[in-house]
Amino acid sequence: QVQLVESGGGSVQAGGSLRLSCAASGDTARRYYMAWFRQAPGKEREGVATIDRRGYTRYTDSVKGRFTVSRDNAKNTVYLQMNSLKPEDNAMYSCAADWRDFGLRPLYNYWGQGIQVTVSS
């Protein structure tokens with residue numbers, strides 16, 4: 001079992017930055033594949049970024065060059081640094097974990113409760 005808690009969301013103007021954190025507790029989270037997803041109203045959940053146990057990262061095309069996912073295994077925490085935010089980044093962001101590699105597909109077994117990111121133009 002892994003429990004995930006997100007923090008760091010909020011409101012920012014377009015062009016600004018936010019850093020989301022996902023603190024994992026329970027099982028040894030450093031063994032898990034971790035990912036960030038987002039869901040905007042009326043839209044399907046979208047995979048944003050993933051990071052594997054060795055730090056290999058993948059991103060959806062719309063955030064490449066703007067978002068960076070990282071992990072601190074000593075703190076059991078995964079981060080999503082979001083720069084150059086755009087209004088289309090408005091969404092509820094959730095982190096996810098699994099011992100299997102699902103990439104950007106929303107098939108992960110463990111999920112956080114989600115945190116809102118609002119970008120105003």
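Structure shown above.
One structure accompanies this document, and this report is about it. (Residues numbered from 1 in each chain as written. Predicted model: local features only at pLDDT ≥ 70, side-chain atom pairs only at ≥ 80, totals over all residues. Heavy atoms only, no water.)

1. What to know about the sheet that holds strand 3 (residues 18-26)
Within the open sheet, the 4 strands sit side by side as 1-3-8-7. Their pairing is antiparallel. Edge positions in the open sheet fall to strand 1 (2-7) and strand 7 (67-72), since each of these has one partner strand only. The average undirected angle you get between the axes of adjacent strands in this sheet is 15°. (Pairing = 2+ DSSP bridges. Helix = DSSP H or I, 4+ residues; strand = E, 2+ residues; numbered from the N terminus. Axes fitted to C-alpha atoms, helices over the stretch in contact; angles between N-to-C directions.)

2. Re the pattern of salt bridges
All told, the structure shown has 7 salt bridges when counted by the stated rule. Across the salt bridge formed by arginine 38 and glutamate 46, the nearest N and O atoms sit 2.8 Å from each other. Under the relative-accessibility criterion, arginine 38 is labelled buried at 6%. For glutamate 46, a relative accessible area of 29% translates into the label partly exposed. Linking arginine 38 and aspartate 89 is a salt bridge whose minimum nitrogen-to-oxygen distance equals 2.9 Å. Taken as a pair, arginine 38 in strand 4 (residues 33-39) and aspartate 89 in the loop between strand 8 (77-82) and strand 9 (91-98) lie far apart in primary sequence, 51 residues in all. A single burial state applies to arginine 38 and to aspartate 89, both of which are buried. (Salt bridge = Lys/Arg side-chain N within 4 Å of Asp/Glu carboxyl O. Buried < 20%, exposed > 50% of the residue type's maximum accessible area, 1.4 Å probe, protein only.)

3. Description of the side chain of aspartate 98
Within the secondary structure layout, aspartate 98 lies in strand 9. The class for aspartate 98 is buried, based on a relative accessible area of 0%. A distance of 2.8 Å separates a polar side-chain atom of aspartate 98 from the backbone nitrogen of arginine 100. At a separation of 2.8 Å, a polar atom in the side chain of aspartate 98 contacts the main-chain amide nitrogen of asparagine 109. Excluding its chain neighbours within four sequence positions, the residues that come into contact with aspartate 98 are Tyr32, Tyr33, Leu107, Tyr108 and Asn109. (Polar contact = N/O pair within 3.5 Å; in protein donor to acceptor, adjacent residues only side chain to side chain. Contact = heavy atoms within 4.5 Å.)

4. With respect to the state of the cysteines
Enumeration over the complete set of coordinates arrives at 1 disulfide. The disulfide that involves cysteine 22 links it to cysteine 95, with 2.0 Å between the sulfurs. With the S-S dihedral at roughly 60°, the linkage between cysteine 22 and cysteine 95 falls on the right-handed side. One end of the pair, cysteine 22, is in strand 3; the other, cysteine 95, is in strand 9, with 73 residues separating them in the sequence. For the pair shown, cysteine 22 and cysteine 95 are each scored as buried. (Disulfide = S-S within 2.5 Å.)

5. A few points about the packing of aromatic side chains
Within this structure, the stated rule accounts for 7 aromatic pairs. Considering the side-chain rings of tyrosine 108 and tryptophan 111, the 6.5 Å spacing of their centres and the 80° angle between planes classify their relative orientation as edge-to-face. Residue tyrosine 108 is classed as buried on the basis of its relative accessible area, which comes to 5%. Tryptophan 111 gets classed as partly exposed once you look at its relative accessible area, which sits at 26%. Joined through ring pairs, the aromatic side chains of Phe37, Phe102, Tyr108 and Trp111 make up one cluster. (Phe/Tyr/Trp six-rings, centres within 6.5 Å; stacked < 30°, edge-to-face > 60°.)

Shape descriptors only; they carry no functional weight alone.
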